[in-house]
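Chains, contacts and geometry: an overview
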Amino acid sequence: QVQLVESGGGLVQAGGSLRLSCAASGRTINWYAMGWSRQAPGKEREFVASISWSGTWTRYADSVKGRFTTTRDSAKNTVYLQMNSLKPEDTAVYYCAAANSDRSTKFEYWGQGTQVTVSS
């Protein structure tokens, strides 16, 4: 089993930045893709970003391209999401996630989520 714990959420003004962290434990996930999804109130959960175990492959949702960057420290089993130029529409609960294969956007494991609120 894989445990994922997010941190770094909070309240920020539009145009500001936040950095989310996700620590993984349990079964090693060093060979698997990890990433982020989010769910806004009244909306379905949506894909945000994914990164391969080596960190050399990434994918982003069109809505966050150029503003969000995901990185990974496999030695620490930790993945990060740097969010810049935040917009009110980025407000959501952000979930760390892990896949069962590398270079994948199909996540199988989820963290408990961390709230990000962007004020206008």
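These lines cover the structure that appears in this document, whether it is placed above or below. (Residues numbered from 1 in each chain as written. Predicted model: local features only at pLDDT ≥ 70, side-chain atom pairs only at ≥ 80, totals over all residues. Heavy atoms only, no water.)

The subject of this paragraph is the nonpolar core. With 28 residues, the main nonpolar core has L4, L81, M83 and Y94 as its most contacted residues. At the level of elements, β1 (2-7), β3 (18-26), β4 (34-39), β5 (46-51), β8 (78-83), β9 (92-99) and β11 (114-119) are the ones that each hand at least two residues to this core. In this structure L81 touches L18, R19, L20, W36, V48, A49, F68, T69, T70 and Y94, once residues within four positions along its chain are discounted. (Core = buried A, V, L, I, M, F, W, Y, C linked by side-chain atoms within 4.5 Å. Buried < 20%, exposed > 50% of the residue type's maximum accessible area, 1.4 Å probe, protein only. Helix = DSSP H or I, 4+ residues; strand = E, 2+ residues; numbered from the N terminus. Contact = heavy atoms within 4.5 Å.)

Evaluation of the coordinates by the stated rule reveals 1 disulfide. Here C22 connects covalently by a disulfide to C96, the sulfurs 2.0 Å from one another. Of note, the bridge from C22 to C96 carries an S-S torsion of about -80 degrees and is left-handed in sense. One end of the pair, C22, is in strand β3; the other, C96, is in strand β9, with 74 residues separating them in the sequence. Considered together, C22 and C96 belong to a single accessibility category, that of buried residues. (Disulfide = S-S within 2.5 Å.)

Another point: the packing of aromatic side chains. Scanning the entire structure with this criterion turns up 2 aromatic pairs. Their ring planes at 90 degrees and their centres at 5.9 Å tell us that F107 and W110 sit as a pair that is edge-to-face. For F107, a relative accessible area of 11% translates into the label buried. Members of the aromatic cluster, connected to one another through ring pairs, are F47, F107 and W110. For R19, the ring lying beneath its charged end belongs to Y80, and the centroid distance is 4.1 Å. The residue whose ring lies beneath R45 is W110, and the NZ or CZ to ring-centre distance is 4.4 Å. (Phe/Tyr/Trp six-rings, centres within 6.5 Å; stacked < 30°, edge-to-face > 60°. Lys NZ or Arg CZ within 6 Å of the ring centre and 35° of its normal.)

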